[in-house]
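Examination of the molecular architecture
Each chain is listed here by its residues.
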Amino acid sequence: MKKLSVLSLGLCAVLALASCGTSKESAYKKAYEKAQQQEAQQEPAVQEPVVTPLETTTPTESTTTEVDNATVRQENVDLVSGAGLQNFSVVVGSFSLKANAEGLASTLKSAGYDSQIVYNSERNMYRVIASTFVDKAGAVKSRNELRAGKYPDAWLLMKK
């Protein structure tokens, strides 16, 4: 009889512990589900990107070039090769090695440009000029054409 009461006492203890675990699991499950619901309510709304329509121009419409606002860099330069500079020049390359500048100047000449090379001693740079103009408007137009082609970094130079 003693064995039976010890056995029944052990069985009661196991059932008591097992039932506690079940209630703990149930409480954890409820807390987890509640947290998920709160998280779902707090998610920020995804905004659609705003796309503006592309504006197209017809060939009859002309686009004006801002000549007065065009940036012009002023430098002291000495002519290394070429016919000579006018007031405004379009620079398409800058090199610290003269040989590199000569290579680009040769490429420009074969493409039909009257290229020239000038040297800026303050910066120790050889500037390769594709074209030179008396007026700023002509230089800006030429720079924009060169930028649209092979030389997107072309810029304007005014000799000091």
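Residues numbered from 1 in each chain as written. Predicted model: local features only at pLDDT ≥ 70, side-chain atom pairs only at ≥ 80, totals over all residues. Heavy atoms only, no water.

**Looking at the overall build of the protein**
From N to C terminus, the protein includes three helices and six strands. In the protein, the order of α-helices and β-strands from amino to carboxyl end is α-β-β-β-α-β-β-α-β. Per-residue burial over the protein gives 23% buried out of 160 residues. The contacts of the protein with a sequence gap of at least 6 include a subset with a gap of at least 24, amounting to 74%. Element-wise, carbon and sulfur atoms account for 55% of the exposed surface of the protein, whose accessible area totals about 12,100 Å². (Helix = DSSP H or I, 4+ residues; strand = E, 2+ residues; numbered from the N terminus. Buried < 20%, exposed > 50% of the residue type's maximum accessible area, 1.4 Å probe, protein only. Contact = heavy atoms within 4.5 Å. Areas by Shrake-Rupley, 256 points an atom, 1.4 Å probe, with all protein chains shown as cover.)

**Considering the sheet that holds strand β3 (residues 88-95)**
Backbone hydrogen bonds are what pair the strands of a sheet, in a parallel or an antiparallel way. Strand order in the open sheet formed by six strands is β1-β6-β3-β5-β4-β2, with mixed pairing between adjacent strands. Strands at the two margins of the open sheet, each flanked by one partner only, are β1 (72-75) and β2 (78-81). Direction aside, the axes of adjacent strands within the sheet are offset by 45° on average. Running at roughly 25° to strand β5 (residues 125-133), helix α2 (residues 98-110) makes contact with β2, β3, β4 (116-120) and β5 of the sheet. (Pairing = 2+ DSSP bridges. Axes fitted to C-alpha atoms, helices over the stretch in contact; angles between N-to-C directions.)

**Overview of the packing of aromatic side chains**
According to the stated counting rule, one finds one aromatic pair in the structure shown. With 4.6 Å between their ring centres and 45° between their planes, Y119 and Y126 make a pair best called tilted. Exposure remark for Y126: the relative accessible area of 16% places this residue in the buried category. (Phe/Tyr/Trp six-rings, centres within 6.5 Å; stacked < 30°, edge-to-face > 60°.)

**Considering the pairing of β4**
Every regular strand shows the same layout, with side chains that alternate between the two sheet faces. Across the five residues of β4, four count as buried, placing the element largely inside the fold. One ladder, built from three bridges, connects β2 with β4; its direction is antiparallel. Bridge assignment links L79 to a residue of β4, and that residue is V118. Two strands pair when backbone bridges link them, and β4 and β5 are joined in this way by five bridges, in the antiparallel orientation. Looking at the pairing, Q116 lines up with I129 of β5. Two successive antiparallel strands, β4 and β5, enclose a turn made up of four residues, where N124 displays a positive phi of approximately 55°.

**A closer look at the nonpolar core**
Core analysis: the largest hydrophobic core is formed by 18 residues, its most contacted members being V92, L108, V128, L146 and Y151. Breaking this core down by element, the ones donating at least two residues are β3, α2, β5 and α3 (136-148). The greatest single-element share of this core, amounting to four residues, is contributed by α2. What V128 contacts, discounting residues up to four positions off in sequence, is V90, V91, V92, G93, F95, A101, L104, A105, L108 and Q116. Counting residues in hydrophobic clusters, the runner-up holds six residues, among them V77, V91, W155 and L157. (Core = buried A, V, L, I, M, F, W, Y, C linked by side-chain atoms within 4.5 Å.)

**Description of unusual backbone geometry**
Although it is not a glycine, N124 adopts a positive phi angle of roughly 55°. Relative to the elements of secondary structure, N124 occurs in the loop between β4 and β5. Using a relative accessible area of 41% as the deciding quantity, one classes N124 as partly exposed.

**A few points about the side chain of E75**
Take E75: it is sitting in strand β1. Of note is the side chain of E75, whose polar atom sits 2.8 Å from the side chain of R127. Excluding residues that lie within four positions of it along the chain, E75 makes contacts with N120, R123, R127, W155, L157, M158, K159 and K160. (Polar contact = N/O pair within 3.5 Å; in protein donor to acceptor, adjacent residues only side chain to side chain.)

**Thoughts on the environment of N87**
Its place among the elements puts N87 in the loop between β2 and β3. Residue N87 is classed as partly exposed on the basis of its relative accessible area, which comes to 43%. Taking the C-alpha atoms as reference, N87 lies 9.2 Å from K160; in sequence the two are 73 residues apart. Not counting chain neighbours up to four residues away, the residues in contact with N87 comprise F133, V134, L157, M158 and K159.

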